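Fold and geometry: a report
Chain by chain, the residues:
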Amino acid sequence: HRRFDYRPKTDPYCQARYTFCPTGSAIPVMKEEDVIEVYRLQAPVWEFKYGDLLGHLKIMHDAVGFKSSLTGKNYTMEWYELFQLGNCTFPHLRPGMDAPFWCNQGAACFYEGIDDAHWKENGTLVLMTTISGTMFNEMAKWVKYDNETGIYYETWTVQASPDKRSIVWFDSYECSKFILRTYQKLADLGAVFKKIQTNYTSIILFSGEPIYLGNETSIFGPLGNKTLAAAIRDFYYPFKPHRTVREFFVDLLKIIDRVILHHQFYLFYNLEYWFLPMKFPYLKIIYEEVPLPVGSKTSFGV
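Parameters and conventions
- Residues numbered from 1 in each chain as written.
- Predicted model: local features only at pLDDT ≥ 70, side-chain atom pairs only at ≥ 80, totals over all residues.
- Heavy atoms only, no water.
- Disulfide = S-S within 2.5 Å.
- Helix = DSSP H or I, 4+ residues; strand = E, 2+ residues; numbered from the N terminus.
- Patch = residues over 30% accessible without salt bridge, like charges linked within 9 Å, V, L, I, M, F, W, Y side chains within 5 Å.
- Areas by Shrake-Rupley, 256 points an atom, 1.4 Å probe, with all protein chains shown as cover.
- Salt bridge = Lys/Arg side-chain N within 4 Å of Asp/Glu carboxyl O.
- Buried < 20%, exposed > 50% of the residue type's maximum accessible area, 1.4 Å probe, protein only.
- Arc of directions from axis to C-beta.
- Contact = heavy atoms within 4.5 Å.
- Pairing = 2+ DSSP bridges.
- Axes fitted to C-alpha atoms, helices over the stretch in contact; angles between N-to-C directions.

1. Side note on the state of the cysteines
Counted according to the given criterion, the structure contains two disulfides. Here Cys14 connects covalently by a disulfide to Cys103, the sulfurs 2.1 Å from one another. Here Cys14 and Cys103 share a disulfide; its torsion about the S-S bond, -85 degrees, makes the bridge left-handed. Placement of Cys14 in the segment before strand 1 (35-44) and of Cys103 in the loop between helix 3 (84-89) and strand 4 (106-112) is noted, with a sequence separation of 89 residues between them.

This is the structure we're talking about:
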C-alpha cells in the first residue's frame, strides 16, 4: 500500500451518512512517568445499528484503548472510512464525468473515553500491556505520520488461493491494519504484550495474476482507451446504492454474472486500475489469528 506526501482535501460531493469522528480530539501529551494501560477493543461492524448481526459473520471493527494512571482518563483510538464502507469499496458514476469518482479516504480518530458497553456486549475489551508516558508520546508522533501518509481505505485483500501460503497480490488497508501497525510500533518502543489470542477480519478476493490497466488519465483521459473505460464503468454500475428491492436483485444477478460466471473484477488500488481474473471460491470472509508482535532490539523499556 503506497504512502503519499500529504492528505488531499475531500470533495464536497463526498457525504457521510454518519459524521466521521464526531467527538474527536487531539492526542494529549502524557507525563513521562505516567503508566498507561493499553486495551484491545473489538466489536461487530455497525453494531450501533445492527447489534451483533455482523458479529455472527465475524465482520469485526478494531480499535485500541488507553487509560492514564495519573489522570484516570480513558481514550479510544481507531481508523476508519471518512465516508462509510460503501464509498471506499466502490465509486460513484457521476453524470458528465467519464472517470469513476472515489470517496475513499480513511483516517485515524482519537477521542476521550472508552464506551465499555459497546466493546464488551458483543466484542472484546481486554488489557494487553502497559506503557510509559514517554512511549505513548512517541506513539502519538508516529500516528500523526501514519495518518498523513496512509490516506486511502482499501477493503479487499486479493490472494491467489485460500492456502495460507498463497501469493497476496494486494493487501487491504483498513481498521485492523492500523491497529496491527500500532501494536508493532508499541512493541518496537518496548511494550511487552500479554499472551492472548488476537483475531482479525479479512475480506478476500481470489484471483489469478492481476493485469495492470493504467490510471485515471491513461484510461479515461482525452487519449484514453474508450473501450476499457466503458468496461470499467459498466462493471461498477450494478454496485450503486439501490432504491428498491427489485433493483437490488436485478443488479445482484449482473454482479454474479460478471464476477463468478465471467471471472471478472476491476480493482482500484493506489490510484490505479487492475483487472482481476477471478477464480473459485471468488470471495471469502475470514476471521483468523494474527499473533501480537515482539519488539525490535532498539526498543526501550517501561
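Don't stop here, the text continues.
2. Quick notes on a nonpolar patch on the surface
A contiguous nonpolar surface patch, about 740 Å² in accessible area, is contributed by Val245, Phe248, Phe249, Leu252, Leu253, Ile256, Ile260 and Leu261. Looking at where Ile260 falls in the secondary structure, it is placed in helix 9 (residues 245-261). Residue Ile260 is classed as partly exposed on the basis of its relative accessible area of 34%.

3. Observations regarding helix 8 (residues 226-236)
Considered for burial, the residues of helix 8 that qualify are Leu228, Ala229, Ile232, Phe235 and Tyr236. Seen from one end, helix 8 has its buried residues packed into an arc of 130 degrees, which puts them on one side. Away from its buried face by more than 90 degrees, helix 8 exposes Lys226 and Thr227. Of the surrounding elements, those touching the buried residues of helix 8 are strand 9 (211-215), helix 7 (216-220), helix 9, strand 10 (264-269) and strand 11 (272-289).

4. Topic: the sheet that holds strand 2 (residues 60-68)
With antiparallel pairing, the five strands of this open sheet are ordered in space as 4-3-2-1-5. The sheet is open, and its two borders are formed by strand 4 and strand 5 (124-132), each paired with just one other strand. Sheet twist, expressed as the mean angle between neighbouring strand axes with direction ignored, is 25 degrees. With respect to the sheet, helix 5 (residues 133-149) is in contact with strand 1, strand 2, strand 3 (74-81), strand 4 and strand 5, its orientation differing from that of strand 5 by roughly 110 degrees. Strand contacts of helix 6 (residues 175-189): strand 1, strand 2, strand 3, strand 4 and strand 5, with the helix running at about 35 degrees to strand 2, the strand carrying the most contacts.

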